[in-house]
Amino acid sequence: MFELLGTSLVGILHWHYLLPLAAGTLAGVIGGALPGVTITMTIIVVLPFTFGLDPLQGLAAMAGVYVGGSAGGLITAILLGIPGTPSAIATTFDGHPMAKKGEAGRAIGLGVWASFFGGLLGGVFLVTATGPLAAIALEFGPWEFFSLFVFALSMVAGLVETSVLKGLLSGAIGLIVTVLGNDPVLGQPRLTLGIDFLEGGIPFLPVLIGVFAFAQIMTDVERMRRRGVAGAPVADARFRVPHLRVIGEILTRPFLLAWSTLVGLLIGVLPAIGGSAANVMAYDQAKKFSRHPEKFGSGIPEGIIASESSNNANVGGSLVTIMAFGIPGDAVTAVMLGALTIHGIQSGPLFISQNVKLAYGIFAAYIVAHFIMVLIIALGARFALRVVTVPKAALFPIVLVLCVVGAYALSNVMANVYILAVFGVLGYLLVKGGFPLAPLILGVILGDQIEINLIRAVMTDPNPWLFFTHPISGGLLAASVLSVAFALWQHHRHRRRSAGAAEEEDVDF
């Protein structure tokens, strides 16, 4: 294992791979730093440029975008009080107050180095855990895979901030999309409505671009019309990052670093929950374990360390999921899964054994990307304010055009652009209605696999009780039920607390 990793690290440092990795990391940092331009949007924009590269070059570039974007969000979170990405939400709680005290350089240093250490610890988990987890996945039959995909869907549908019912309905819409086109086992056309390009089914990348990028842009444009962009740059004439000081501050809090990293890893392994949940949960855990929780939110290092170490560790956890099980951990790894498919590579339990050099090349790219990320932010911190104040009115048209180009370049047909437009409007309407988008995307990604494994299981043995009597399959289905039940209970408790708080406000009034 370590010999392969060492060889891959030496190989990834060759300019042939280092150049796309550095370019991807730079694009990720910039995309993550620009509010409204998510990591998903950035990686979608970068994706068409990887079509002509070999698989490792393309995946190295996307790994760089993922790592750079996860850290880049801290720049706006600290300087403007606006998280550049959802995975930097909790960074604003203490990062911006620290910057307003005139310590913007210290806050950025804490965030960058916490991301670095959390990401490297996540890399250790990625290298050591992917193989054993893939070996466990080899024991899976169609019953186990069906139950695993159902569990993944129930997890993301249950753990949403809005209504649980809306989360489940969003996932159901995604599953319906996968029914369009030919049957994946028998090849019989269904629900094609006489439209030729529907016979091959709906490709998920145009759906992903439309639902996330287009819908996000339209939502932000509407928000811009209602009110101006909030937040003002923090003035710090020195703007010096005290690297040695902040490294000492992080390493003298080993429990906080380790625990926040673990939270990020565990949430990363759970499909489609993502860094937005990881950083908030890690921040909450840090506050609960702290001896002075009342100081959180006033600009203390612990809040920045917890948030940033967890969101980069989350990247490692998400990569474990896609490489060991073939399930995208979030929207970014969904695009990476599409890139693997484009290059004719099948992810899943056999991925490492069948593509050893590529797998360890991805490990090496992930590790090296953290060093490049630190270098880019350290050198560019002085110019960060100029970058993050790019007007959205100038930025969004460029991103939208690149999204359309990316959808068309996937197979050079206008049908993909039409799909992007349709799902862009659908995504916008769902956002307006308060429906979460993540379950829809996961439904589109997992729908075919759920159906294929269900048919395979029934063709092998029509006894439906095998889904429950197989220990792993039965356990996963039980976990699916518990996941939704727990989410319903949590949502009910949240509504009761909100109602109680409202009543107290009325009494006080």
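### Digging into the confidence of the model for the protein chain
Next, step 1: Taken residue by residue, the protein chain gives an average pLDDT of 78. The fraction at 70 or more is 83%.
Next, step 2: In the model of the protein chain, helix α17 (residues 384-388) stands out as the element of lowest mean pLDDT, 55, in contrast to helix α2 (residues 15-33), which has the highest, 90.
Next, step 3: Per-residue pLDDT stays below 50 along residues 229-238; that stretch engages in 23 contacts with residues further than four places along the chain or on separate chains.

### Focus on the nonpolar core
Next, step 1: Counting residues in each nonpolar core, the largest one holds 122 residues, and the members touching the most others are V207 and F351.
Next, step 2: With 16 residues, helix α16 (residues 356-380) is the largest single contributor of residues to this core.
Next, step 3: The residues touching F351, leaving out its near neighbours within four places in the chain, are M323, L340, I345, Q346, L358, A359 and I362.

### Some remarks on helix α1 (residues 2-12)
Next, step 1: Within α1, burial applies to L5, S8 and I12. Burial along α1 is one-sided: seen end-on, the buried residues are contained in an arc of 65°. Exposed and oriented more than 90 degrees from the buried face of α1 are E3, T7 and V10.

### Things to note about the environment of A478
Next, step 1: Residue position: A478 is located in helix α22 (residues 471-508).
Next, step 2: Between the C-alpha atoms of A478 and F468, which are 10 residues apart in sequence, the distance is 8.7 Å.

### Topic: empty space enclosed by the protein
Next, step 1: For the coordinates displayed, the defined rule picks out 2 cavities of 30 Å³ or more.
Next, step 2: When its volume is computed, the largest cavity comes out at roughly 60 Å³.
Next, step 3: Lining the largest cavity are L59, L319, I322, M323, M336, L340 and I362.
Next, step 4: If you tally residues by element for the lining of the largest cavity, the top one is helix α13 (residues 301-325), at 3 residues.
Next, step 5: Split into classes, the residues belonging to the lining of the largest cavity amount to 7 nonpolar, no polar and no charged.

The rules behind each value
- Residues numbered from 1 in each chain as written.
- Predicted model: local features only at pLDDT ≥ 70, side-chain atom pairs only at ≥ 80, totals over all residues.
- Heavy atoms only, no water.
- pLDDT = per-residue confidence, 0-100.
- Helix = DSSP H or I, 4+ residues; strand = E, 2+ residues; numbered from the N terminus.
- Contact = heavy atoms within 4.5 Å.
- Core = buried A, V, L, I, M, F, W, Y, C linked by side-chain atoms within 4.5 Å.
- Buried < 20%, exposed > 50% of the residue type's maximum accessible area, 1.4 Å probe, protein only.
- Arc of directions from axis to C-beta.
- 1 Å grid on protein atoms, 1.4 Å probe; cavity = no way out; pocket = protein on both sides within 12 Å on 5 of 7 lines; lining within 4 Å.
- Points joined across faces, edges and corners; volume = space filled by probe spheres on them.
- Nonpolar A, V, L, I, M, F, W, Y, C, P; charged D, E, K, R; others polar.

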